[in-house]
Amino acid sequence: MKHKLFHLAHSRAGDKGDTSILSLIAYRPEDYPRLCAQVSAQAVKALLAGLVQGEVRRFELPDLEALLFVCEHALATGVTTSLRLDAHGKSLSSALLEMEIEMDRDIDTRIPTHAHAHTPTQGS
Amino acid sequence: MKPILRIGSGAGFSGDRLEPAVALAEHGALDYLVLECLAERTIALAQLRRVADPAAGFDPLLVRRLRPLLPFIKARGLRLVTNMGAANPLAAARRVVELARELGTPVRVAAVTGDEVLELLDPAQPTLETGQPLAHYPQLVSANAYLGVEALLPALASDAQVIISGRVADPSLFLAPVVHHFGWSLDDHERLGQGTVMGHLLECAGQLTGGYYADPGVKDVPGLAWLGFPWADVDAEGGMELGKIPASGGIISLATVKEQLLYEVTDPAAYVTPDVVADFCGVRLRATGPDRVRVEGGRGSPRSSTLKVSVGYRAGFVGEGEMSYGGHNCVARGRLAGEIVRERLAGEFAQLQVDLLGVSSLHGEERGAQSRPYEVRLRVAGRAEDAARAARVGEEVEALYTNGPAGGGGARKSVVEQVGIVSCLLPRDRVRTGVEMFGP
């Protein structure tokens with residue numbers, strides 16, 4: 001079954017010039033390998049076709065259970081000169097979370113983020 | 001020496017809320033309060049104001065932001081560090097001295113100078129964004145080097161309670177008090193790397209405490225209307241714990257810290273600042289209590305021999321017009337309206353951005369085509385070299401009232417001058433920084 005990335009991970013978009021930087025952070029540690037397997041740089045480039053004109057590079061951050069996508073020529077010449085309504089590309093994080101991910105289990109679409117986030121297990 | 005230094009983040013951009021910094025100053029038991037108020041473009045816009053008025057060019061909110069904070073400098077033994085000097089740190093320092101005198105709580109102010117480097121640049125120098133030489137951008141208005149900790153240290157060593165700079169790399173504003181307090185060497189890149197993680201986490205203030213994070217039902221954040229801003233408790237080894245005032249809104253969790261840690265980072269193994277090339281890849285987070293997260297594992301390697309320079313240039317004017325359509329067939333009427341304006345302006349603008357808000361304005365046509373909104377808003381934008389030509393966009397959208405599709409309403413138009421930003425590099429040794437003292 002397929003689920004939107006929205007239910008597995010969260011994201012924040014940042015910008016530097018004409019480059020958009022999208023984080024993708026697993027809510028649950030066990031989903032991180034799935035993100036690594038399915039959310040490739042090519043998959044993100046295909047998803048954001050028409051918005052991102054340049055190369056997409058992916059960084060893996062296993063200690064944070066996170067991926068980082070650096071998308072070049074993504075902001076229609078850049079924040080200070082773009083004619084787009086969202087010149088920073090702040091909303092591109094939401095476009096990324098629209099990606100559909102193949103899952104072998106159903107997931108609770110209401111995610112207990114805070115409970116997870118306050119469990120003092122990681123990195124200790 | 002205090003074994004733990006507490007650095008608070010009181011503003012994350014020039015337009016940030018005012019009262020969270022006041023709460024931190026009053027109840028946060030801070031040693032330093034840092035106010036980061038300069039975006040890439042802010043300083044170029046400030047420079048334009050300074051050209052019009054030599055006593056202007058600092059952050060327009062300087063007085064409003066500092067007025068409620070200055071009394072706590074004495075009452076709480078607090079020092080303020082801010083880049084609100086923007087294009088004119090000297091004038092900003094004079095204004096703060098004057099304000100403090102009015103309030104009956106005199107302060108010593110140090111202004112950090114040397115970031116203005118326009119006259120040092122070579123027009124043949126390539127820009128980092130496009131590789132084209134600076135001369136390609138004919139109307140340069142400002143060039144500011146990103147200064148680092150080194151430029152702030154003499155000011156911190158003085159008796160100033162308020163330190164005002166222009167362009168300083170955001171994380172350096174937070175790192176400098178730590179380097180000063182613990183006497184870290186500027187060659188100690190491991191500690192500087194970890195300290196840069198701290199500065200990077202704090203530099204956007206509320207973005208660490210649940211601001212810009214909330215998504216109802218999935219990522220709920222309590223008290224966003226009264227979001228508390230964060231602090232970091234840092235020890236002599238660079239060990240750090242993040243926290244905020246318990247009664248304030250927002251949350252600090254592993255998730256909020258991860259989002260901010262990766263924010264605007266183009267290479268997590270090489271986050272370049274004037275102080276260090278920081279490596280975030282080994283950063284580990286541990287929740288140590290409600291709204292408390294320990295951060296470890298930031299590293300670094302030696303700083304670059306160059307400083308990044310942000311160059312502002314006049315990029316013409318953008319004209320915009322908007323009009324709304326509602327009810328059945330509103331998307332078709334909005335599209336028709338856009339086509340009409342496009343046809344009318346085809347001879348005047350090489351490029352027009354035509355969007356339907358509610359359908360295609362953020363992520364383009366294909367993604368929005370699935371939805372059938374009850375209302376849409378046409379937005380047209382175009383760039384021109386002068387304001388009068390840019391205004392044509394709004395005029396044509398407004399004229400849809402009597403000439404366009406049925407039921408258009410709520411027309412708005414605007415013309416805004418644009419300042420573009422490009423970057424280049426400058427050898428570090430060509431930049432001369434200084435400190436000037438003001439006040440009693």
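Refer to the structure presented above.
Residues numbered from 1 in each chain as written. Chains lettered and ligands numbered in written order. Predicted model: local features only at pLDDT ≥ 70, side-chain atom pairs only at ≥ 80, totals over all residues. Heavy atoms only, no water.

Draft legend 1. View of the pairing of strand β14 (residues 306-326) of chain B. Residues and elements named next belong to chain B. Counting buried positions along β14 yields 15 of 21 residues, so the element is predominantly enclosed. Note: strand β5 (residues 140-145) against β14, 5 bridges, orientation antiparallel. By the bridge assignment, alanine 143 is partnered in β14 with valine 311. Two strands pair when backbone bridges link them, and β14 and strand β17 (residues 409-427) are joined in this way by 16 bridges, in the antiparallel orientation. Looking across to β17, one finds that valine 318 is bridged to valine 416. Sheet topology note: the β14/strand β16 (residues 375-384) ladder contains 10 bridges and is antiparallel. The residue of β16 that forms the bridge with methionine 323 is leucine 378. (Buried < 20%, exposed > 50% of the residue type's maximum accessible area, 1.4 Å probe, protein only. Helix = DSSP H or I, 4+ residues; strand = E, 2+ residues; numbered from the N terminus. Pairing = 2+ DSSP bridges.)

Draft legend 2. Seen up close, the pairing of strand β2 (residues 32-35) of chain B. Residues and elements named next belong to chain B. Side chains of β2 alternate between two faces, with Tyr32 and Val34 and Leu33 and Leu35 buried alike. As paired elements, strand β1 (residues 4-11) and β2 share 4 bridges and run parallel to each other. Bridge pairing links alanine 11 to leucine 35 in β2. Remark: the β1/helix α1 (residues 19-27)/β2 crossover connection has right-handed handedness. As judged from the 4 bridges shared by β2 and strand β3 (residues 79-82), these two strands associate in the parallel manner. Each bridged residue has a counterpart across the sheet, and for leucine 33 the counterpart in β3 is leucine 80. (Right-handed = clockwise from strand over helix to strand, strands pointing away.)

Draft legend 3. Here's a closer look at the packing of aromatic side chains. Within this structure, the stated rule accounts for 3 aromatic pairs over all chains. Relative to Trp184(B), the ring of Phe182(B) lies with its centre 6.2 Å away and its plane at 20°, an arrangement referred to as stacked. Using a relative accessible area of 11% as the deciding quantity, one classes Phe182(B) as buried. For Trp184(B), a relative accessible area of 7% corresponds to the buried category. Lys90(A) extends its terminal NZ or CZ atom over the ring of Tyr212(B), reaching a point 5.1 Å from the ring centre. Here Lys219(B) stacks its cationic end above the ring of Tyr213(B), 4.2 Å away from the centre of that ring. (Phe/Tyr/Trp six-rings, centres within 6.5 Å; stacked < 30°, edge-to-face > 60°. Lys NZ or Arg CZ within 6 Å of the ring centre and 35° of its normal.)

In short, shape yes, function no, at least from these values alone.
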